[in-house]
Amino acid sequence: MESLSTARHPRAPRGKGASLAIVLLAQVAAMGVWFSSTAAVALIKRTQAIASGDEAMLTGAVQLGFVIGTVVSATLALPDRYDLRRIFAASALMAALTTGALAVLPPTGPLAIALRLLTGMCMAGVYPVGIRLVTTWAKADLGLLIGLLVAALTLGSASPHLIGGWQSLDWRWVYLVAAMLALAAGVAIGFASIGPNIKRAARVDFSKVTQAWRDPAVRLANLGYLGHMWELYAMWAWLGLFLQYTLSLHGVADFHEKAEVLTFAVIAFGALGAWTGGLLADRVGRTLVTIGAMATSATCAAVIGWLPGAPIAVVMAVAFVWGFSVIADSAQFSAAVAELADPTSVGTLLTAQTCAGFLLTLASIRLVPVVVAHLGWAGGMGMLAIGPALGCVAMWRLRRHPASRRMAGGKR
């Protein structure tokens, strides 16, 4: 059987730059299906009522599906046993099918939720597999490469808010465009090459999954990631509603549409944070960058909920700093695991890491509105600061661990 390190698509470019460009573009295109319901529901709600429970189920089903998919993928060690491009392509094409089907179905109901669940399961073969693909090309730029991939994820995450600012678009087009982009991603990934830094596992070894907890250094990197994830997706999910509240408090006309555009700008600004974090981490160390980013984002989370009555410029300044810092560290947890793990289990452990993180987001996303109802936005946003604060502790402990010298060329 041909080795993964030498297997190439017959028409694939062999260069690092070309292959990475294809992977990044495919990642941006494929991620649109994940958040397509966010934009579709925002448009549907302008002409008809949707129960809050149905809206939450459409969003939560994707997150839950992703968790299920990553559990299966990590348990069977799929990213370490099979061609990464084929996993990505099959997942993206199936996600295109399940998303496109939503354009000809009622917007809510059991079938729509089931399709969103399947879409989430497919994304387990896209996001963590994309991370593994870029790591195969890394030399002294691992943090930067994963940072670029996370920047692609961030742009894909922000796009629904920009679409949500359009008033005349039919919601069905959201699903159709997302499906076509995922289809293109599934085809394009076959033209990328796999880099030389990969070792294939010959069989399923269930003990490899437990390295995520058994290995002290990997465990600390994962604990830092969990602190980061407690905050990230809850911030992305609820920032738009917080900005709507803030703009309405100031009497801004068309505050719904303007809040959507501002939310897009804040989240998209995070792509610059992911790139900057990756660049710095390769030069000064992963633990320093993650601690600095989490300390900054925790401060923003603790402060912004108290600011709706402050000048809008002040609120937006804090929001942009938060949008930048909340994602600046994200790639470095994956980079740390890639450097600390057994080379034959990197794909499995990266998948297990994302599984645990997204499982935690199910709790934090659901808790924010509950806390807001009782303690206001100061309590709801402030609650998110707990995660990165604890993440700072985990990464400081990792910095003091001897194994940390294997990260970032010894810069830790």
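Residues numbered from 1 in each chain as written. Predicted model: local features only at pLDDT ≥ 70, side-chain atom pairs only at ≥ 80, totals over all residues. Heavy atoms only, no water.

**Structural notes on the state of the cysteines**
Inspection of the entire model under this criterion finds zero disulfides. Here C300 is not disulfide-linked; the sulfur of C392 is the nearest cysteine sulfur, at 12 Å. Residue classification places C300 among the buried residues on the basis of a relative accessible area of 7%. Overall, the relative accessible area of 15% leaves C392 in the buried class. (Disulfide = S-S within 2.5 Å. Buried < 20%, exposed > 50% of the residue type's maximum accessible area, 1.4 Å probe, protein only.)

**Observations concerning the packing of helix α2 (residues 36-44) against helix α9 (residues 171-188)**
Two numbers describe a pair of packed helices, the interaxial angle and the distance between the axes. It is the contact of α2 with α9, at a shortest axis distance of 8 Å, that shows an interaxial angle of 165°. Put simply, α2 runs roughly antiparallel to α9. Crossing hand, α2 versus α9: right-handed. Here α2 contributes S36, S37, A39, A40, L43 and I44 to the contact with α9, which in turn contributes W171, V174, Y175 and A178. Taken together, the residues of the contact of α2 with α9 break down into eight nonpolar, two polar and no charged. (Axes fitted to C-alpha atoms, helices over the stretch in contact; angles between N-to-C directions. Helix = DSSP H or I, 4+ residues; strand = E, 2+ residues; numbered from the N terminus. Parallel < 35°, antiparallel > 145°, perpendicular 65-115°, else oblique. Left-handed = near helix turned anticlockwise from the far one by under 90°. Contact = heavy atoms within 4.5 Å. Nonpolar A, V, L, I, M, F, W, Y, C, P; charged D, E, K, R; others polar.)

**Overview of the packing of aromatic side chains**
For the coordinates displayed, the defined rule picks out 12 aromatic pairs. Measuring from ring centre to ring centre gives 6.0 Å for Y225 and F333, while their planes differ by 65°; the resulting arrangement is edge-to-face. Of the two residues, Y225 sits in helix α11 (residues 216-249) while F333 sits in helix α15 (residues 330-340), which places them 108 residues apart along the sequence. The class for Y225 is buried, based on a relative accessible area of 2%. Among the residues examined, F333 registers a relative accessible area of 0% and is labelled buried. Between F242 and W377, the aromatic rings sit 5.4 Å apart at their centres with planes inclined by 70°, giving edge-to-face as the arrangement. Highlighted residues: F242 in helix α11 and W377 in helix α16 (residues 346-383), separated in sequence by 135 residues. Judged by its relative accessible area of 11%, W377 falls in the buried class. Ring pairs connect the aromatic residues W34, F66, Y127, Y233, W236 and F358, which therefore count as one cluster. (Phe/Tyr/Trp six-rings, centres within 6.5 Å; stacked < 30°, edge-to-face > 60°.)

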